[in-house]
Amino acid sequence: MTRRLILIPLLMLLSLANATAAWAQDKGTVEPKPLPPLANPNDPKIGAKELFGRKVLPAAMPTQVLGFYAHGCIAGAEGLPINGDSWQVMRLSRNRYWAHPDMVALIKRLAGKAKKDAGWPGILIGDMSQPRGGPMFTGHASHQVGLDADIWLTPMPNRTLSRNEREEMSAVMMVRNDRLDVDPRVFTSGHLAVIRDAAQEPTVQRIFVNAAIKKALCREAKGDRSWLSKVRPMYGHDYHFHIRIKCPPGSGECETQPDPAEGEGCKPADLAYWFKDSVLHPKPPATPPKPKPPMTMASLPAACKAVLAAPDAKQ
Ligand SMILES: [Zn+2]
């Protein structure tokens, strides 16, 4: 009984945190337990995350993005190699290092640029998508179609991390305790350079960072500042930043999102909302919100059924 009493507030907290992708900090294990088989995989009420979360490899199909960042899937995704010259993938147990080949190419390119421009040994890659995309058990509303990727705001160490370190290591918190600005002891010109390199990629449509980080970028960016329009304040994102690319050519069923408004988004009025006390320190609701029913296959494009049914791609 006592255990239950502790669990309930914890679950409430986690469901709030869910919306902010705070789960990026969750640790993993080098020996994750495989999920048990589903009793009724054809039940139309079953959460789509149960089906997509059980796929270990991409669908052996031509690459195709189906649906929207927050409700969709991907056929023929590509895996990002877990080690590169200037990147390493974190939290391997989550199996979320799959994406559209354009995103994989972008990460490789960005890693090389970060090394050059920030002077970092490389970048650490957090969650991309599941092998066939779709909703996940934990962490993100988006990341469903292979066009989103999280990059840690922690430089890659100058050595290959062990499997265990990739599950256990924590990213560095960039935001000051009062949440009004970055922590100057940890936020450097290198961070600015990596975010700018990502924002200057033509296929990148949006980058999400904590508002305190956006404020710091606004203050510190020199020269061409047009890239700042793509960098959007968002809840969470104080340990990592999130890259979102546009629908790639040839993905007719990919649902586009309008480009962000032009302008740097650096005026006090642009940022005021994010620094309101009610946003910085939200009060827990008087009555806990009812848990939302999980997204079912009916919310996803019909073609995602074929993506689930396809054989595994050979790796
Ligand atoms: Zn993300």
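To keep things clear, this report deals only with the structure shown in the data block. (Residues numbered from 1 in each chain as written. Predicted model: local features only at pLDDT ≥ 70, side-chain atom pairs only at ≥ 80, totals over all residues. Heavy atoms only, no water.)

The number of helices and strands found in the protein is nine helices and 10 strands. Seen through its principal axes, the protein has C-alpha atoms that stretch 55 × 50 × 40 Å. Among the 315 residues that make up the protein, the fraction classed as buried is 48%. Taking the intrachain contacts of the protein between residues at least 6 apart in sequence as the baseline, contacts between residues at least 24 apart amount to 78%. Only carbon and sulfur atoms are counted for the fraction: they give 59% of the accessible area of the protein, which is about 16000 Å². Across the protein, the 41 positively charged side chains and the 30 negatively charged ones have centroids separated by 4 Å. (Helix = DSSP H or I, 4+ residues; strand = E, 2+ residues; numbered from the N terminus. Buried < 20%, exposed > 50% of the residue type's maximum accessible area, 1.4 Å probe, protein only. Contact = heavy atoms within 4.5 Å. Areas by Shrake-Rupley, 256 points an atom, 1.4 Å probe, with all protein chains shown as cover. Lys, Arg positive; Asp, Glu negative; His and termini not counted. Charge placed at Lys NZ, Arg CZ, Asp CG, Glu CD.)

All right, on to helix α5 (residues 189-199) then. Burial within α5 is extensive, with nine of its 11 residues counted as buried. Taken together, the buried positions of α5 are occupied by Gly-190, His-191, Leu-192, Ala-193, Val-194, Ile-195, Asp-197, Ala-198 and Ala-199. For α5, the elements touching its buried residues are α3 (101-118), β6 (123-125), β8 (204-209), α6 (211-220), β9 (231-233) and β10 (240-245).

This part is about the coordination of the zinc ion. Ligation of the zinc ion by protein atoms is provided by His-143 (NE2), Asp-150 (OD) and His-242 (ND1), these donors lying 2.0 to 2.2 Å from the ion. Counting the intervening residues between successive donors of the zinc ion yields the motif H-x6-D-x91-H. Residue His-143 is located in the loop between β6 and β7 (148-152), and its partner His-242 is located in strand β10; the two are separated by 99 residues in the primary sequence. Accessibility classification places His-143 together with His-242 in one group, the buried group. (Donors = N, O, S within 2.8 Å, 3.2 Å for Na, K, Ca; no water.)

Let's shift gears to the pattern of salt bridges. All chains considered together, the criterion is met by 15 salt bridges. For the salt bridge of Lys-113 with Glu-201, the shortest nitrogen-to-oxygen distance reads 2.9 Å. Linking Lys-113 in helix α3 with Glu-201 in the loop between α5 and β8, this pair joins segments that are 88 residues apart in sequence. Judged by relative accessible area, which is 30%, Lys-113 ranks as partly exposed. For Glu-201, a relative accessible area of 4% translates into the label buried. If you follow the salt bridges from partner to partner, you end up with Arg-94, Arg-96 and Asp-127 in one network. (Salt bridge = Lys/Arg side-chain N within 4 Å of Asp/Glu carboxyl O.)

Per the counting criterion, the structure on display carries three disulfides. Disulfide pairing is shown between Cys-247 and Cys-254; the S-S distance is 2.0 Å. Judged by the sign of its S-S torsion, about -80°, the bond between Cys-247 and Cys-254 is left-handed. Residues Cys-247 and Cys-254 agree in their burial class; the two are buried. (Disulfide = S-S within 2.5 Å.)

Further remarks concern the side chain of Arg-91. If you trace the backbone, Arg-91 turns up in the loop between β4 (87-89) and β5 (98-99). No salt bridge forms around the buried Arg-91; measuring N to O, its nearest opposite-charge neighbour Glu-167 is 5.1 Å away. Only 2.7 Å separates the side chain of Arg-91 from the backbone oxygen of Asp-26, close enough to count as a polar contact. A distance of 3.0 Å separates a polar atom in the side chain of Arg-91 from the backbone oxygen of Glu-167. (Polar contact = N/O pair within 3.5 Å; in protein donor to acceptor, adjacent residues only side chain to side chain.)

This next bit is on unusual backbone geometry. Despite not being glycine, His-143 has its phi angle at roughly 60°, a positive value. Given a relative accessible area of 0%, His-143 falls into the buried group. The phi dihedral of His-237 falls on the positive side, at around 55°, and the residue is not glycine. Given the relative accessible area of 7%, His-237 is considered buried.

A word on the packing of aromatic side chains. Aromatic ring pairs are defined here through the distance separating the ring centres and the angle between the ring planes. Under the defined criterion, the tally for this structure stands at four aromatic pairs. Between Tyr-97 and Trp-98 the ring centres are 5.6 Å apart and the planes differ by 20°, which places this aromatic pair in the stacked class. With a relative accessible area of 19%, Tyr-97 lands in the buried category. Since its relative accessible area comes to 5%, Trp-98 is described here as buried. With 5.0 Å between their ring centres and 65° between their planes, Tyr-235 and Trp-274 make a pair best called edge-to-face. Taken as a pair, Tyr-235 in the loop between β9 and β10 and Trp-274 in the loop between α7 (268-272) and α8 (277-280) lie far apart in primary sequence, 39 residues in all. Linked through ring pairs, Tyr-235, Tyr-273 and Trp-274 together constitute an aromatic cluster. Stacked on the ring of Phe-275, the Lys or Arg Lys-215 has its end atom at 4.6 Å from the ring centre. A cation over an aromatic ring shows up here: Arg-244 above the ring of Tyr-69, its NZ or CZ 4.2 Å from the ring centre. (Phe/Tyr/Trp six-rings, centres within 6.5 Å; stacked < 30°, edge-to-face > 60°. Lys NZ or Arg CZ within 6 Å of the ring centre and 35° of its normal.)

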